[in-house]
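Descriptive analysis of the structure
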2 protein chains.
Amino acid sequence: MKKGCPYGTHRVISPKGVLPQPADVIDNTMEIYDNEVLIDVQTLNIDSASFTQIEEQANHDVEEIKKIMLGIVEKAGKHKNPVTGSGGMLIGTVKEIGPAYEGDLKVGDKIATLVSLSLTPLKIDEIIEIRPDIDQVDIKGQAILFQSGLYAKLPTDIPEGLALSALDVAGAPAQTAKFVKPGDTVVVIGGGGKSGLLVGYEAKKRAGVTGNVIVIDGFDKSLDRAKKLGYADHYVLADATDAVGIYNKVMELTDGKLADLVINCVNIENTEMSCILACKEHGLVYFFSMATSFTKAALGAEGVGKDIDMIVGNGYCNGHAEITLQILRESESIRKMFQELYA
Amino acid sequence: MKKGCPYGTHRVISPKGVLPQPADVIDNTMEIYDNEVLIDVQTLNIDSASFTQIEEQANHDVEEIKKIMLGIVEKAGKHKNPVTGSGGMLIGTVKEIGPAYEGDLKVGDKIATLVSLSLTPLKIDEIIEIRPDIDQVDIKGQAILFQSGLYAKLPTDIPEGLALSALDVAGAPAQTAKFVKPGDTVVVIGGGGKSGLLVGYEAKKRAGVTGNVIVIDGFDKSLDRAKKLGYADHYVLADATDAVGIYNKVMELTDGKLADLVINCVNIENTEMSCILACKEHGLVYFFSMATSFTKAALGAEGVGKDIDMIVGNGYCNGHAEITLQILRESESIRKMFQELYA
Ligand SMILES: NC(=O)c1ccc[n+]([C@@H]2O[C@H](COP(=O)([O-])OP(=O)(O)OC[C@H]3O[C@@H](n4cnc5c(N)ncnc54)[C@H](OP(=O)(O)O)[C@@H]3O)[C@@H](O)[C@H]2O)c1
Ligand SMILES: NC(=O)c1ccc[n+]([C@@H]2O[C@H](COP(=O)([O-])OP(=O)(O)OC[C@H]3O[C@@H](n4cnc5c(N)ncnc54)[C@H](OP(=O)(O)O)[C@@H]3O)[C@@H](O)[C@H]2O)c1
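Residues numbered from 1 in each chain as written. Chains lettered and ligands numbered in written order. Predicted model: local features only at pLDDT ≥ 70, side-chain atom pairs only at ≥ 80, totals over all residues. Heavy atoms only, no water.

Every one of the 28 residues lining ligand 2 counts as a neighbour, but B:S195, B:D217, B:S222, B:A240 and B:G313 are closest to it. Those residues lying near ligand 2 are distributed over chains A and B. In this structure, B:K194 approaches ligand 2 through a main-chain N or O atom, which is 2.8 Å from an oxygen atom. Here a nitrogen atom of ligand 2 sits 3.3 Å away from a polar atom, N or O, in the main chain of B:F288. Summarising the interface, the protein chains cover 89% of the accessible area of ligand 2, which totals 920 Å² for the free molecule. Those elements that place two or more of their residues in the shell around ligand 2 are α1 (48–57), α5 (194–207) and α6 (220–229) of chain B. Looking at the shell around ligand 2, its residues break down into 10 nonpolar, 11 polar and seven charged. Taken domain by domain, the makeup of the shell around ligand 2 includes at least three residues from each of domain 1 (9–154) and domain 2 (172–342) of chain B. (Near = heavy atom within 4 Å. Polar contact = N/O pair within 3.5 Å; in protein donor to acceptor, adjacent residues only side chain to side chain. Areas by Shrake-Rupley, 256 points an atom, 1.4 Å probe, with all protein chains shown as cover. Helix = DSSP H or I, 4+ residues; strand = E, 2+ residues; numbered from the N terminus. Nonpolar A, V, L, I, M, F, W, Y, C, P; charged D, E, K, R; others polar. Domains from an automatic or database assignment.)

Following this line, the structure appears as structure tokens:
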């Protein structure tokens, strides 16, 4: 049996010497190396930005979506959207474990991988069903988990579709838990979306009664979801690309003090500036959205002379799966809403 | 006289409603609004990533570089490189000040603007001289500074070309001063470049005798610059895109502990992963490089399961001009080297 590198570099075909995520093509032969785990895949949860792009390219035609997805995997050996650069995650059952793999998995365990599909060797034999409203795709196929690859064993007290949909955005609420301090003013842009709803809940929990959580979304339907949960202090209907409009609104709701922390959970481009303007001097902007442009953020803050820290939304932080699943346990209403919308 | 918005939105032509930086086209009529400052421009300092791109597109032909630069400004009303998205800064003399402008400028002051050219209304009458090795371009032309626009009056004890070249990257050493704590292990990738040399100096100053500053550069010539200054603890010749190679090297130099802080000062793509791998669990990566890809950073960290904070290099932080000019005052050898190389 061949020896693998913990980061999966042994699977990289081109360009040589890079890691599997930035690679253009990786080897998706389903014969494992000594430290790999083979997974029988059941469901792919495509990253929201990626799925939206594919849907648009396919003009919302299901057969065309299938073709695009198969084409991506055929070409790259993984489901990394060439336009958005992003992936998603998957659910499946452990089929085989390399003898040198270190971890607590056993054959038959049902797991969700918590590393991106953009670096996971994947083979799709057949696409069985697409559920466009929840970005989920059931397939017959297999995937590989590297030694360094994160995963969560699926909890028994939460239905698996539900767990998967929440774990997909686990980084956002977990980072929120880390950054929000009691009394903070927190603005959640895209707060009616999947990650936004979890972030709003976690933000209020951490900011507490002395805190001020402002949820912003661009559409009545989405904002109503957040309102129905009722965890935030304010709900604002505003377009996330309208920097000046959002700035004025946040000024008004904070007596001109602006936010200590702005969390960007939208799935569209050109929202960097609203976040920057809504944030107070020496505050923090957390960009969870994958549609964030590095240069727009960097030059945007400089352009308006704001001394703020801007964080790239790392999809992982310690305990992110536990923190996220805990929200579903604590909040009956989020659990119900997620079950209806995303599971 | 027409009333202007502090952020310059009154100059945006398309798309409507955005700020001047993300705008495609802005109005570069050189008739000021009530809160604007008109500047007679002497020198443009083009952002390194932008200038490299233009040089390559022009096959290093000076007349072709001129044509491309004039074309950018003709089309956009500002010097925002359409490929890299970045700008640079300028030096000039205050010619006229709107009656509603608040600040301590007076006509005749010699200033450097510290906001990006990517949002500064600019008119070029003539390109007089291009100095490709220092990314500087002397022109005859005019520019507008908005109310929110940062600037520095040029110091009298430092030659202006020298001050300008250092101020162009002022965000990097100033953020270094903010993030480095005594005893920290700091890795500077691209540490032989303009921003890297300042960052290496500031990092060692803040980390102190108990700290460990590791300077990495990809070319002997550049690494030798850093070695000649001699401020760091280690100098490593390595390609910034070789994530695995850099990881191994930093492991070795830190007894397997890796870095508390990694600062990326290179001017090329695909260097996110070296920074992530060189950083220890719960450490910080500061991406000053404008060639950073947001998704590569976000998914890269998740892909290897690293809980680190990654910061978008905001070009501005309080006191950035003062901190940077102070380095030129403190270090005779940096001052000499900058005078030779960049001024
Ligand atoms: N950093 C990471 O590791 C990571 C991991 C997973 C996902 N992500 C990213 O996180 C982002 C959010 O994911 P998600 O699953 O939460 O997406 P989502 O459920 O689609 O949520 C996006 C929200 O933004 C709202 N929105 C859309 N356009 C808007 C506008 N112009 N103004 C204001 N609000 C607007 C949406 O409203 P409608 O629903 O009404 O359109 C929705 O409520 C995506 O960009 C995704 O790529 C990042
Ligand atoms: N965030 C902001 O606000 C802001 C503001 C200004 C500039 N910037 C960005 O900061 C970055 C650095 O600017 P700078 O003026 O310091 O540029 P620079 O002087 O060109 O420095 C870049 C350094 O990286 C080295 N390098 C190039 N390729 C490499 C490789 N493969 N491996 C290792 N090292 C390599 C270069 O070596 P050689 O010289 O030998 O090629 C040089 O020493 C640029 O991307 C620029 O766009 C950001």
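Resuming the write-up.
Another aspect to go through is the packing of helix α10 (residues 320–330) of chain B against helix α11 (residues 332–342) of chain B. Residues and elements named next belong to chain B. Contact geometry for α10 and α11: axes closest at 5 Å, N-to-C directions at 105 degrees. Taken together, the axes of α10 and α11 lie roughly perpendicular to each other. Between α10 and α11, the contacting residues are I327, L328 and E330 on the first element and E332, I334, R335 and F338 on the second. A breakdown of the residues in the contact of α10 with α11 according to their chemical character gives four nonpolar, no polar and three charged. (Axes fitted to C-alpha atoms, helices over the stretch in contact; angles between N-to-C directions. Parallel < 35°, antiparallel > 145°, perpendicular 65-115°, else oblique. Contact = heavy atoms within 4.5 Å.)

Here we come to the UniProt feature "domain: L-erythro-3,5-diaminohexanoate dehydrogenase N-terminal" (unreviewed entry) in chain A. The sites that carry the UniProt feature "domain: L-erythro-3,5-diaminohexanoate dehydrogenase N-terminal" (unreviewed entry) are, in the present numbering, residues 10–155 of chain A. Helix makes up 17% of residues 10–155 of chain A and strand 36%, with an end-to-end C-alpha separation of 32 Å. (UniProt positions renumbered as here; feature names shortened; annotations may be inferred.)

For the rest of this paragraph, the subject is the site of ligand 1. Among the 28 residues in the neighbourhood of ligand 1, the closest are listed as A:D47, A:S195, A:D217, A:S222 and A:A240. Looking at the residues close to ligand 1, they fall on chains A and B. For ligand 1, a nitrogen atom lies 2.9 Å from a polar atom in the side chain of A:D239. Contacts to ligand 1 include A:M290, whose backbone N or O atom sits 3.3 Å from an oxygen atom. For ligand 1, the protein covers 88% of the area, taking 930 Å² as the surface of the free molecule. Among the elements of the structure, α1 (48–57), α5 (194–207) and α6 (220–229) of chain A are those that each provide at least two residues to the shell around ligand 1.

Here the focus is the relation of the copies chain B and chain A. Mapping chain B onto chain A leaves a residual RMSD of 0.0 Å; the transformation is a rotation of 180 degrees accompanied by 0.0 Å of translation along its axis. A rotation of that kind, with that shift, is consistent with a two-fold axis. When C-alpha positions in chain B are compared against the rotation axis, the closest is assigned to B:I311, at 2.3 Å. An overlap of 100% is found between the interface residues of chain B and their copies at the interface of chain A, pointing to a shared contact surface. (Least-squares fit on C-alpha atoms with pLDDT ≥ 70 in both.)

Here the focus is the interface of chain B and chain A. Taken together, the 53 residues of chain B in the interface contact 53 residues of chain A. When the two sides are added together, the surface that chain B and chain A hide from each other amounts to roughly 4500 Å², 63% of it contributed by carbon and sulfur. Considering only the surface of chain B that becomes buried against chain A, B:F294, B:E302 and B:V312 emerge as the three largest contributors, covering 16% of it. At the surface where chain B touches chain A, the tally comes to four salt bridges. Residue B:D309 pairs with A:K178 through a salt bridge whose shortest N-O separation is 3.0 Å. At the surface where chain B touches chain A, the tally comes to 14 residue pairs in polar contact (both at pLDDT 80 or more). Of all elements in the fold, only α4 (171–179), α7 (243–253), α8 (272–278), β13 (279–287), α9 (294–303) and β14 (309–312) of chain B reach the threshold of two or more residues within the side of chain B that touches chain A. At nine residues, the largest contribution of residues to the side of chain B that touches chain A is made by α9(B). In terms of residue class, the side of chain B that touches chain A is built from 26 nonpolar, 20 polar and seven charged. (Buried area = accessible area lost by both parts, 1.4 Å probe. Salt bridge = Lys/Arg side-chain N within 4 Å of Asp/Glu carboxyl O.)

Glancing now at unusual backbone geometry. Following A:S14, the chain continues into A:P15 via a peptide bond in cis, with omega recorded as -10 degrees. The topology assignment puts A:P15 in the loop between β1 (12–14) and β2 (25–26). One non-glycine residue, B:H60, adopts positive backbone phi at about 60 degrees. In this fold, B:H60 is placed in the loop between α1 and α2 (62–76). For B:H60, a relative accessible area of 53% corresponds to the exposed category. (Buried < 20%, exposed > 50% of the residue type's maximum accessible area, 1.4 Å probe, protein only.)

Membership of the largest hydrophobic core comes to 166 residues, with the highest contact counts inside it found for A:L44, A:L167, B:L44 and B:L167. Grouped together as the second largest cluster of nonpolar side chains are 70 residues, A:L299, B:I189, B:A240 and B:C275 included. (Core = buried A, V, L, I, M, F, W, Y, C linked by side-chain atoms within 4.5 Å.)

The next subject is the side chain of A:S222. Looking at the element boundaries, A:S222 is found in helix α6. Not counting residues within four places of it along the chain, the set of residues in contact with A:S222 comprises A:G192 and A:D217.

Another aspect to go through is the state of the cysteines. All names here are of chain B. Counted according to the given criterion, the structure contains zero disulfides over all chains. Here C275 is not cross-linked by a disulfide; its sulfur's nearest cysteine counterpart is in C279, at 9.0 Å. For C275, a relative accessible area of 0% puts it in the buried group. (Disulfide = S-S within 2.5 Å.)

Turning next to the side chain of A:Q175. With respect to the secondary-structure elements, A:Q175 resides in helix α4 (residues 171–179). A polar contact of 3.5 Å, which involves the side chain of A:Q175, links it to the backbone oxygen of A:N314. Once you skip the residues sitting within four places of it in the chain, A:Q175 turns out to touch A:Y286, A:N314, A:Y316, A:C317 and B:D309.

Residues and elements named next belong to chain A. Along its sequence, chain A is organised into domain 1 (9–154) and domain 2 (172–342). A C-alpha centroid distance of 28 Å is found between domain 1 and domain 2. Contact residues are listed per partner, giving eight residues for domain 1 and eight residues for domain 2. Each partner contributes to the roughly 660 Å² buried at the junction of domain 1 and domain 2, and carbon and sulfur atoms together form 61% of this total. Of all residues in domain 1, the largest losses of buried area upon contact with domain 2 belong to L114, I134 and L150, amounting jointly to 47% of the total for that side.

Unfilled space is identified by rolling a water-sized probe across the atoms. Tallying each qualifying case throughout the model produces five cavities of 30 Å³ or more. Estimates place the volume of the largest cavity at around 120 Å³. Surrounding the largest cavity, A:T241, A:A243, A:N270, A:E272, A:M273, A:S274, A:K296, B:V18, B:L19, B:Q21 and B:P22 form its lining. No other element matches the three residues that helix α8 (residues 272–278) of chain A contributes to the lining of the largest cavity. Looking at side-chain class alone, the lining of the largest cavity contains five nonpolar, four polar and two charged residues. (1 Å grid on protein atoms, 1.4 Å probe; cavity = no way out; pocket = protein on both sides within 12 Å on 5 of 7 lines; lining within 4 Å. Points joined across faces, edges and corners; volume = space filled by probe spheres on them.)

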